[in-house]
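# Chain and residue survey
What follows is the residue order along each chain.
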Amino acid sequence: MPKRQTVIPKRQPIVVSGKFMPSAELAKMLGISARRAKELDRLVEDIQRQDRLRLAKKSASKKRQNGPSRVAVR
Amino acid sequence: MLVRIDPARSLELPGGERRLDRIVELILGCRYSFHDLSRVELDLRRPRTPRMNMPFELGLTVMASYLNPKQHTWCVFEKDYRRVLKSLGDLAGTDVYGHDGTPSGVLREIANALILERRQPEMRNLQAVYGDVETGLPSILERRGAKSCYEAAVFRDLVYTAQRAAIGRLGIS
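Residues numbered from 1 in each chain as written. Chains lettered and ligands numbered in written order. Predicted model: local features only at pLDDT ≥ 70, side-chain atom pairs only at ≥ 80, totals over all residues.

Here we take up the nonpolar core. All names here are of chain B. V129, L158 and Y160 are the most contacted members of the largest nonpolar core, which totals 20 residues. Here the element with the most residues in this core is helix α6 (residues 152–170); it accounts for 7 residues. Counting 9 residues, the second largest nonpolar core, distinct from the first, contains V76, F77, A113 and L114. (Core = buried A, V, L, I, M, F, W, Y, C linked by C-beta atoms within 7 Å. Buried ≥ 20, exposed ≤ 12 C-beta atoms within 10 Å, placed from the backbone. Helix = DSSP H or I, 4+ residues; strand = E, 2+ residues; numbered from the N terminus.)

A few words now on the confidence of the model for chain B. Residue and element names in this part refer to chain B. Confidence in the prediction of chain B, expressed as mean pLDDT, is 86, and 89% of residues score 70 or more. Here strand β4 (residues 114–116) stands out as the least confident element of chain B, with mean pLDDT 79; helix α5 (residues 123–144) is the most confident, with 94. Interface scoring of the predicted complex returns ipTM 0.76; its pTM is 0.77. (pLDDT = per-residue confidence, 0-100.)

The subject of this paragraph is unusual backbone geometry. Residues and elements named next belong to chain B. Here R46 and P47 are connected by a cis peptide whose omega angle stands at -10 degrees. The residue P47 is located in the loop between β1 (32–36) and α2 (53–67) in this model. With a phi angle near 65 degrees, D100 is a residue other than glycine that sits in the positive phi range. As for its position among the elements, D100 is in the loop between β3 (96–98) and α4 (103–113).

Take the packing of α4(B) against α5(B) next. All names here are of chain B. In contact at an axis separation of 10 Å, α4 and α5 are set at 130 degrees when each is read in the N-to-C sense. By the angle class used here, α4 and α5 are oblique. When you trace α4 past α5, the crossing you get is right-handed. Each of P103, S104, L107, R108 and A111 in α4 lies in contact with α5, whose residues at this interface are M123, L126, Q127 and Y130. (Axes fitted to C-alpha atoms, helices over the stretch in contact; angles between N-to-C directions. Parallel < 35°, antiparallel > 145°, perpendicular 65-115°, else oblique. Left-handed = near helix turned anticlockwise from the far one by under 90°. Contact = placed C-beta atoms within 7 Å.)

Attention now goes to the pairing of β1(B). Residues and elements named next belong to chain B. Of the strand pairs in this sheet, β1 and strand β2 (residues 73–78) are connected by 5 bridges, and their pairing is parallel. Its bridge partner lying in β2, S33 is registered against W74. Tracing the backbone out of β1, into α2 and back to the parallel element β2 gives a crossover that is right-handed. (Pairing = 2+ DSSP bridges. Right-handed = clockwise from strand over helix to strand, strands pointing away.)

Residue and element names in this part refer to chain B. For β2, the tally of buried residues reaches 5 of 6 residues, placing the bulk of the element in the interior. Where β2 and β3 come together, 3 bridges link them in parallel fashion. Bridge pairing links V76 to V96 in β3. Following the chain from β2 across helix α3 (residues 81–87) to the adjacent parallel β3, one finds a crossover that is right-handed.

This part is about the sheet that holds β1(B). In any sheet, the strands associate via hydrogen bonds between backbone groups, in a parallel or an antiparallel arrangement. Residue and element names in this part refer to chain B. Spatially, β1-β2-β3 is the arrangement adopted by the 3 strands of the open sheet, whose pairing is parallel. The open sheet has two edge strands with one neighbour each: β1 and β3. Direction aside, the axes of adjacent strands within the sheet are offset by 30 degrees on average. Its contacts with the sheet put α2 on β1 and β2, and the angle it makes with β1 is roughly 150 degrees.

Now for helix α2 (residues 34–65) of chain A. Between its terminal C-alpha atoms α2(A) stretches 46 Å, which fits the 46 Å expected from 32 residues at 1.5 Å a residue. By the burial criterion, the buried members of α2(A) are A37(A), L40(A), L43(A), V44(A) and I47(A). Where α2(A) is buried, its residues meet α1 (23–30) of chain A together with α5 and α6 of chain B. Positive backbone phi, at 80 degrees, marks G67(A), one or two positions downstream of α2(A). (Expected span 1.5 Å × (residues − 1).)

Here it is in structure tokens:
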């Protein structure tokens, strides 16, 4: 039996140095077809585009609520 | 995915192997494992029994890491760390990450457990990626004709989606 030792020291984080796997490689590893990978790419792009639009609208609405800036008033 | 580790679950191994063989193979093949014990609770169906899979898998992992201490590191997550002290006293002295049973708590504790050598993702990035994956889930389920995100094909799609979302959020091409 090997010597008993602490496996996780208290609150010592795991240092990770990995990089993102290229998407095509990841899809291959997961068994996702190229066609499905493209569908998922589009899905993520759509979601993130919608989110950017939502944030832009929110920001514009906030600006309107705050009234014109001092520069614009002058 | 934002800390650049490729997640694996026993459901994603192909073939007709026994589930236990798959789990052992995964534990031995992975550098890190994360064990969430927060779902160790009584189910609603009779006979009401606690789900013991996660503690059992944790036990297998602990033994594997004793045998190969440099090859595997494990972390335990719980809704409330005091639950572990009560349910699994053998883990006394082990640091348990308490995530409060919330997605943001899980992200926070994973960020506590893992450190990137170069660039540590900010909480807002983690939440944004979670939001992207959550938003995409209904579409993925529909496309796969699935009811649960734990089905193998859905899980693979989610892993891929999470990486794409992380790349998009971090502005990496």
